[in-house]
Amino acid sequence: MSEKEEKNSYKDTLNLPRSDFPMRANLPQREPETVKRWQETGLYEKIHQQAKGREKFILHDGPPYANGSIHLGHILNKVLKDMVVKYRHMAGFDAHYIPGWDCHGLPIEQQVVDQFAKDKRRPTREEILEECQKFAQKWVDVQSQDFQRLGVLGDFKHPYRTMEKSYEAVIAREFAKLVREGYVYRGLKPVYWDWKYETALAEAEIEYEDHVSPSIYVAFELKSPAPEKIDPALKGKKLEIVIWTTTPWTLPANLAVALNKTLDYVAVEAAGRVFIVAKDLSESFQKALVLEGDRKILATFPATKLEGGVAKHPFIDRDSKVLFGDFVTLEQGTGVVHIAPGHGPDDYELGQANGLPVLCPVDSRGRFTDEFPLMKGEFVFDANEKIKALLQEKGALLNHPKAESKHTYPHSWRSKKPIIFRATSQWFVSLAHKDLRKRALEAIDAIKDKNGWIPAWGRDRIYSMLEGRPDWTLSRQRVWGVPIPAYECGGCGHVELSAAVCDHVAGIFEKEGISAWTKRPIQELLPPGTKCPKCQGTDLRKGGDILDVWFDSGVSHAAVCEHNPELTGSLPDKRADLYLEGSDQHRGWFHSSLLECVATRGRAPYKQVLTHGFIVDKDGKKYSKSNPNYEPVEKLIQKYGVDILRLWVASEDYRGDVHFSTEILSQLVEAYRKFRNSAKNILGNLYDFDPGKHWVAYEKMTPIDKWIVGRLNKLIERCHHAYANYEFHIVYHSLNQFFTVDYSSLYADITKDRLYCDTPTSLRRRSAQTALYQVLSNTCRIAAPILSFTCEEIWQALGQFPQFSTKPHNSLEKINWDSVFLSQLPSLIPEETEEEFLKMFDELIEVKGSVNAGLEDMLRRKGIIGSSLEAKVSVELESKLVDRINSIVDESDIRDIFVVSQAELVPVEGKKETRHDTHIWIIPKRALGIKCGRCWKYTEDVGQHSPADVCGRCAGVLKEIGFKAA
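A quick note: this is a predicted structure, and the numbers were derived from the prediction, not measured.

Definitions and limits used
- Residues numbered from 1 in each chain as written.
- Predicted model: local features only at pLDDT ≥ 70, side-chain atom pairs only at ≥ 80, totals over all residues.
- Heavy atoms only, no water.
- Helix = DSSP H or I, 4+ residues; strand = E, 2+ residues; numbered from the N terminus.
- Rg over C-alpha atoms; globule rule 2.2 N^0.38 Å.
- Buried < 20%, exposed > 50% of the residue type's maximum accessible area, 1.4 Å probe, protein only.
- Contact = heavy atoms within 4.5 Å.
- Areas by Shrake-Rupley, 256 points an atom, 1.4 Å probe, with all protein chains shown as cover.
- Pairing = 2+ DSSP bridges.
- Axes fitted to C-alpha atoms, helices over the stretch in contact; angles between N-to-C directions.
- Phe/Tyr/Trp six-rings, centres within 6.5 Å; stacked < 30°, edge-to-face > 60°.
- Core = buried A, V, L, I, M, F, W, Y, C linked by side-chain atoms within 4.5 Å.
- Parallel < 35°, antiparallel > 145°, perpendicular 65-115°, else oblique.
- Nonpolar A, V, L, I, M, F, W, Y, C, P; charged D, E, K, R; others polar.
- Arc of directions from axis to C-beta.
- Polar contact = N/O pair within 3.5 Å; in protein donor to acceptor, adjacent residues only side chain to side chain.
- Salt bridge = Lys/Arg side-chain N within 4 Å of Asp/Glu carboxyl O.

1. A short note on the overall build of the protein chain
Of regular secondary structure, the protein chain possesses 31 helices and 34 strands. Here the C-alpha atoms of the protein chain give a radius of gyration of 38 Å, more than 25% beyond the 30 Å that 2.2 N^0.38 yields for 966 residues. Principal-axis analysis of the C-alpha atoms places the extent of the protein chain at approximately 125 × 75 × 50 Å. Of all 966 residues assigned to the protein chain, the portion counted as buried reaches 58%. Here the analysis covers contacts within the protein chain between residues at least 6 apart in sequence; of these, 77% occur between residues at least 24 apart. For the protein chain, the computed accessible surface area is about 40600 Å², with 48% contributed by carbon and sulfur atoms.

2. Quick look at the sheet that holds strand E12 (residues 273-278)
Strand order in this open sheet of nine strands is E13-E11-E12-E9-E8-E14-E15-E10-E16, and the pairing throughout is mixed. Two strands close off the open sheet at either side, each with one partner strand: strand E13 (295-302) and strand E16 (336-339). Strand-to-strand twist in this sheet, taken as the mean axis angle between neighbours without regard to direction, amounts to 35°. As defined by bridge partners, strand E8 (residues 216-224) adjoins strand E9 (residues 239-245) across six bridges and the pair is classed as antiparallel. The partner of Ile216 across the bridge, within E9, is Thr245.

3. A look at the sheet that holds strand E32 (residues 921-926)
Taken in spatial order, the three strands line up as E31-E30-E32 in an open sheet, and their pairing is mixed. In this open sheet, the two strands that pair with only one neighbour each are strand E31 (902-908) and E32. Neighbouring strand axes in the sheet, compared pairwise and without regard to direction, differ in orientation by 15° on average. Relative to E32, strand E30 (residues 871-878) runs antiparallel, the two being bridged by six bridges. Paired with Val875 across the strands is Ile922, a residue of E32.

4. Focus on the packing of aromatic side chains
For the structure on display, the rule yields 36 aromatic pairs. Centroid distance Phe379 to Phe381: 5.5 Å. Interplanar angle 85°. Geometry classified as edge-to-face. Judged by relative accessible area, which is 12%, Phe379 ranks as buried. Ring centres 5.7 Å apart and planes at 55° place the aromatic pair Phe689 and Tyr773 in the tilted group. Note that Phe689 is positioned in the loop between helix H22 (662-685) and helix H23 (691-694) and Tyr773 in helix H26 (residues 763-783), a separation of 84 residues in sequence. Among the residues examined, Phe689 registers a relative accessible area of 0% and is labelled buried.

5. Thoughts on the nonpolar core
Trp648 and Phe898 are the most contacted members of the largest nonpolar core, which has 244 residues in total. Within the second largest apolar cluster, 61 residues are counted, among which are Ile230, Ala278, Phe372 and Ala396.

6. A look at the packing of helix H24 (residues 703-724) against helix H25 (residues 728-757)
It is the contact of H24 with H25, at a shortest axis distance of 10 Å, that shows an interaxial angle of 170°. Overall, the two elements H24 and H25 adopt an arrangement that is roughly antiparallel. Residues Ile704, Asp705, Trp707, Ile708, Arg711, Leu712, Leu715, Arg718, Cys719, Ala722 and Tyr723 of H24 form the contact with H25, whose participating residues are Phe728, Ile730, Val731, Ser734, Leu735, Phe738, Asp742, Leu746, Tyr747, Ile750, Thr751 and Arg754. Class assignment of the residues belonging to the contact of H24 with H25 gives a composition of 16 nonpolar, two polar and five charged.

7. A closer look at helix H29 (residues 879-886)
Listing the buried residues of H29 in full gives Ser879, Leu881, Val882 and Ile885. On an axial view of H29, the arc spanned by its buried residues comes to 160°, and they lie on one face. Exposed positions of H29 whose direction lies more than 90 degrees from the buried face are Lys880 and Asp883. The elements touched by buried residues of H29 are helix H28 (835-860), E30, helix H30 (891-898) and E31.

8. Details of the side chain of Arg469
Locating Arg469 in the fold gives a position in the loop between helix H13 (457-468) and strand E20 (472-473). A polar atom in the side chain of Arg469 sits 3.3 Å from the side chain of His591.

9. Focus: the pattern of salt bridges
All told, the structure shown has 61 salt bridges when counted by the stated rule. For the salt bridge of Glu581 with Lys81, the shortest nitrogen-to-oxygen distance reads 2.6 Å. Here Glu581, found in strand E26 (residues 576-582), pairs with Lys81, found in helix H4 (residues 72-90); they are 500 residues apart in sequence, far enough to count as distant. Comparing Glu581 with Lys81, the two get one shared label, buried. Each of Asp753, Asp758, Arg764, Asp896, Lys937 and Arg953 takes part in one network of salt bridges that share partners.

Take a look at the structure:
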């Protein structure tokens with residue numbers, strides 16, 4: 001037999017890893033099989049059967065809109081929620097997750113109407129409702145499957161949908177509560193108006209985008225007071241008060257001009273004309289003037305000198321009152337604002353306070369009506385140029401007609417078009433009634449006091465939005481939504497809305513759904529005997545408005561949490577523990593839910609609010625389909641698998657913008673491989689380990705095994721704290737650090753020799769296996785909320801060992817091999833309290849780093865050695881350090897830790913020149929002796945045993961296992 005053949009014959013005597021766990025993850029193929037198994041075995045139901053009686057934790061799902069395939073934002077949001085729920089369940093709570101969908105509203109209705117238009121059909125209201133429901137249900141089904149494909153565990157068999165009859169009934173009943181308490185009123189006032197879809201919009205439906213608008217200075221001739229009453233120097237002068245605006249189309253609705261009562265104004269003479277502007281803005285105004293000639297300040301005076309004044313509209317035979325408003329500032333313009341009460345909230349409030357009518361000569365399509373006959377039928381934005389030309393003709397345009405201003409401007413969230421402010425009769429929730437705004441702000445701070453806003457700036461964001469917002473516009477001029485059960489008297493025109501009617505209609509909706517409002521005659525929708533409260537007439541007609549969809553989702557706390565006994569229905573405090581959505585929901589769902597709940601229950605609907613940022617590319621730009629590196633979600637899943645995307649979610653600090661790129665995914669793939677390969681390695685080394693029989697008590701473990709279990713303990717503690725604070729990126733980085741450094745770079749390398757070469761039953765090998773068992777069973781559970789598919793696969797592989805199906809060692813609490821999610825997260829390992837030992841061992845690990853560097857620098861690069869087992873090292877250390885190290889390890893431990901054949905620690909006194917910037921002096925050499933044919937270590941006793949080519953340790957092992965040399 002040749003030497004090579006003889007050496008190879010020892011292979012069967014080694015305890016080489018044995019595992020069927022695949023090295024290749026093949027996630028895109030394996031993950032759907034896991035999802036199917038979870039569904040078929042009813043895993044979610046088993047989880048909650050197991051959790052009965054525990055303290056509840058309720059993450060209430062903010063409903064995504066049911067109108068399209070999922071995107072990266074959905075993945076970020078749903079995976080974050082899933083990690084929270086899985087962590088809470090595995091931490092010992094009864095953590096339910098009921099997914100929901102927002103189903104009513106404009107986006108769905110418009111797609112349905114557009115389809116009818118393609119078919120050249122004008123649909124009835126009944127047809128629109130029917131098709132909208134079908135459309136929404138189609139996407140609910142699609143998204144439900146997609147979310148489950150992401151590994152999300154929830155009650156997908158019983159989700160909530162805002163279009164369910166029972167839910168629609170709750171919407172009507174919650175609305176009735178607001179009506180009964182006097183919060184709801186009808187008013188003619190300017191609202192955000194989507195002219196493309198002809199409907200009012202709420203604050204939450206507005207997006208602010210860059211917009212280029214005209215920038216014009218317009219002169220209003222001042223009729224009174226007399227110039228000399230303002231200042232004697234102005235006697236005999238014709239005065240013109242100047243406004244600046246970026247919306248020329250609103251000038252036909254002008255009824256006043258406003259100044260700030262606290263400011264000083266000046267009279268500027270230019271080209272024979274005298275203009276009044278704010279003193280601090282006169283210089284910028286003069287630069288913008290296109291009039292030629294000298295300019296000079298004739299007088300300076302307080303704004304109060306113009307009190308009670310009247311100006312002349314520049315192109316309509318109408319007076320404009322001179323008023324004062326606090327909203328007039330010196331940020332830009334002239335310190336004078338033109339007031340059109342029908343086209344702006346500040347204008348409206350000022351007009352109401354001064355008896356101005358609400359003039360709005362613009363129809364639902366954004367075109368001028370016969371109230372401005374000069375441009376009747378003209379679209380307002382197109383009319384800007386004609387109005388500027390008209391001003392120029394009248395001599396009222398003072399700057400260049402092509403001047404423009406780039407600024408942020410409100411756009412419709414659906415049409416993506418710039419909106420207009422337009423006065424219409426709408427239903428509103430008053431924020432002043434019963435101090436609703438104040439009470440809602442107090443509720444925000446009550447949550448802040450309990451560290452409930454995550455991140456903390458979320459409080460400031462929603463607080464400022466609520467502090468400055470107008471009353472809530474509740475009505476929409478559409479079809480697909482819950483009707484506002486108002487009725488109009490055909491006799492006197494009175495419009496009535498009562499809580500009694502709302503409650504009555506809610507009962508009908510519960511049985512028939514919202515289509516009843518369209519299908520049934522008014523007499524069947526109102527309580528028997530209903531008459532007009534004003535004239536007692538019975539010619540009553542149904543209102544045509546529907547409720548804002550933000551009200552639909554805003555009452556989900558009532559429709560879902562309070563109505564489901566599995567959630568908060570049985571608890572005295574029915575608030576959800578957590579709302580979790582993107583930062584846009586400070587204006588949206590967080591906001592509407594807060595207002596509705598404070599109004600009807602006097603408290604917020606949530607205890608904590610967690611906000612995540614938006615997805616951006618590596619350059620910080622919005623990641624969207626226009627991004628050159630954009631890949632659709634389905635392609636990403638097919639290419640990488642869901643667990644890599646889940647790892648991406650966990651690795652990013654969601655509290656700011658969340659970066660995404662294929663480069664980031666590639667880095668995460670490497671981190672994933674490290675975790676998976678480590679799991680495979682551990683599984684392979686546990687094939688003959690029975691924790692019930694082979695467990696080694698902590699005090700009998702080898703030092704390196706004690707160290708890795710100690711490091712594991714630190715990992716468990718750190719991850720528990722991070723999970724509890726929703727810091728998933730810390731969990732990810734801690735796990736990655738543990739497997740990359742502690743396990744792969746150190747422990748696995750150090751223990752390989754005894755795991756492979758010792759007798760199967762040696763204490764040293766069983767000690768290592770005990771440590772490995774703890775490492776894998778604990779980290780698998782820690783990582784499960786993140787890497788759900790992979791950890792389930794690892795867990796199933798662990799559970800397939802026959803010996804693990806018996807009762808495990810008592811330090812591995814509440815193990816259930818059916819699913820990792822039926823087990824609890826690991827507690828701290830009680831034996832591991834030897835902090836001093838860990839500190840000393842860390843010093844030894846530091847020495848190991850210097851030894852590795854020394855071997856590389858002094859031997860391997862010079863070709864003196866290849867493997868570190870060919871080396872012997874003498875390490876000179878300060879005596880105190882040698883004493884500390886020798887107190888925890890012996891010489892064989894040191895050889896194993898350095899992964900060399902021979903090693904010694906040499907104590908020295910005092911300081912001496914050092915290498916590698918440490919207090920360590922390394923003297924590396926080639927190892928003495930001959931290479932063992934079995935373990936490959938160099939020893940001086942090879943040749944003194946049988947077989948002759950092995951060392952004494954291996955000879956003893958071969959004898960014990962009955963090996964006979966060929």
